[in-house]
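Chain residues, written in single-letter form:
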Amino acid sequence: MISISVDVSQAKSFLARGRGEGGEQARALMDWARRFVKDGIESLLRAELSIVLERDDGNTRNGFRTRTLALSGIGDLVLSVPRDRKGAYRTALLPFRKRRTAELEELAAEMFLAGMSTRDVSRAVERHFGSKFDSKEISRMVAATSSELDAWRERDLRATKYKFLYLDGANFSVR
């Protein structure tokens, strides 16, 4: 069971900082949300390592390593991922060798496929999500999305019967 608690002193300091005009309030809320999500993910990672260490005798904690993860709506988070002495712990919570979530990559690929240039996609993603893509990364994401689309287009349709309704029409301008 996961319990989430908010320290009242943290909430009071947030509300005191957020009394300014709209932009300051939104930034304060975003900073608080980013910190809240970061703390939650890090506590889940520590709990996951504790479970791994209970099963493995002789293995102990061995500090932390930093890892950046870009989440849509939150931006870049610099996480402290715990390590074990034997190097057997590999988290199942974070995507392996990826700095961004799949949703953020799919969004960038969809923006490119909708007609935006790689530069425009990079600017838009950086401005709204705090994560920067270079043109090679966007091309790689588009290639992955395009291969999925091609596989869907070339799937076998013989297994299912489909019903079609053909409609045809003409539009004439009348004075």
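Residues numbered from 1 in each chain as written. Predicted model: local features only at pLDDT ≥ 70, side-chain atom pairs only at ≥ 80, totals over all residues. Heavy atoms only, no water.

Take the overall build of the protein next. Helix and strand counts for the protein stand at five helices and two strands. Across the protein, helices and strands are ordered from the amino to the carboxyl terminus as α-α-β-β-α-α-α. Every one of the 175 residues in the protein was classed for burial, and the buried ones make up 23%. Of the contacts made within the protein by residues no fewer than 6 positions apart, 57% connect residues no fewer than 24 positions apart. Counting only carbon and sulfur atoms, one obtains 53% of the accessible surface of the protein, whose full area is about 13500 Å². (Helix = DSSP H or I, 4+ residues; strand = E, 2+ residues; numbered from the N terminus. Buried < 20%, exposed > 50% of the residue type's maximum accessible area, 1.4 Å probe, protein only. Contact = heavy atoms within 4.5 Å. Areas by Shrake-Rupley, 256 points an atom, 1.4 Å probe, with all protein chains shown as cover.)

Glancing now at the nonpolar core. Counting residues in hydrophobic clusters, the biggest one holds twelve residues: Ile 41, Leu 45, Leu 49, Leu 53, Leu 69, Leu 71, Ile 74, Leu 77, Leu 79, Val 81, Tyr 89 and Leu 94. At the level of elements, α2 (22–55), β1 (61–71) and β2 (75–84) are the ones that each hand at least two residues to this core. With near-sequence residues (within four places) excluded, Leu 77 lies in contact with Arg 34, Val 37, Lys 38, Ile 41, Arg 67, Thr 68, Leu 69 and Leu 71. Of all hydrophobic cores here, the second largest spans eleven residues; its members include Ala 70, Ala 109, Val 125 and Ile 138. (Core = buried A, V, L, I, M, F, W, Y, C linked by side-chain atoms within 4.5 Å.)

In this structure, the second largest pocket occupies an estimated 210 Å³ of space. In terms of lining residues, the second largest pocket is bounded by Arg 65, Arg 67, Thr 68, Gly 87, Tyr 89, Arg 90, Thr 91, Leu 94, Phe 96, Arg 97, Lys 98 and Arg 99. Residues that form the lining of the second largest pocket fall into these classes: three nonpolar, three polar and six charged. (1 Å grid on protein atoms, 1.4 Å probe; cavity = no way out; pocket = protein on both sides within 12 Å on 5 of 7 lines; lining within 4 Å. Points joined across faces, edges and corners; volume = space filled by probe spheres on them. Nonpolar A, V, L, I, M, F, W, Y, C, P; charged D, E, K, R; others polar.)

Another aspect to go through is helix α3 (residues 102–113). Each α-helix turn comprises 3.6 residues. Residues three or four places apart therefore point the same way. Here α3 is twelve residues long and its end C-alpha atoms lie 16 Å apart, about the 16 Å a rise of 1.5 Å per residue gives. Along α3, the positions that sit buried rather than exposed are Leu 104, Glu 105, Ala 108, Ala 109 and Met 111. The buried residues of α3 all sit within an arc of 160 degrees when viewed along its axis, so they share a single face. Where α3 is buried, its residues meet β1, α4 (118–129) and α5 (135–153). Where α3 ends, the next residue or the one after it, Gly 115, has phi of about 120 degrees, a positive value. (Expected span 1.5 Å × (residues − 1). Arc of directions from axis to C-beta.)

Compared with the 16 Å implied by 1.5 Å per residue over twelve residues, the 16 Å span of α4 between its first and last C-alpha is a close match. Packed against the buried residues of α4 are α3 and α5.

With that out of the way, let us pick up a nonpolar patch on the surface. A contiguous nonpolar surface patch, about 550 Å² in accessible area, is contributed by Leu 157, Tyr 162, Phe 164 and Tyr 166. Among the secondary structure elements, Phe 164 is positioned in the segment after α5. (Patch = residues over 30% accessible without salt bridge, like charges linked within 9 Å, V, L, I, M, F, W, Y side chains within 5 Å. Salt bridge = Lys/Arg side-chain N within 4 Å of Asp/Glu carboxyl O.)

Along the chain, the position of Ser 122 falls in helix α4. Beyond its immediate stretch of four places on either side in the chain, Ser 122 contacts Lys 132, Phe 133 and Ile 138.

We now examine a negative patch on the surface. Residues Glu 103, Glu 106, Glu 110 and Glu 148 make up a contiguous surface patch of negative charge. Among the elements that take part in the negative patch, α3 stands out by supplying three residues, more than any other. Here Glu 103 falls in the exposed class, since its relative accessible area comes to 51%. (Lys, Arg positive; Asp, Glu negative; His and termini not counted. Charge placed at Lys NZ, Arg CZ, Asp CG, Glu CD.)

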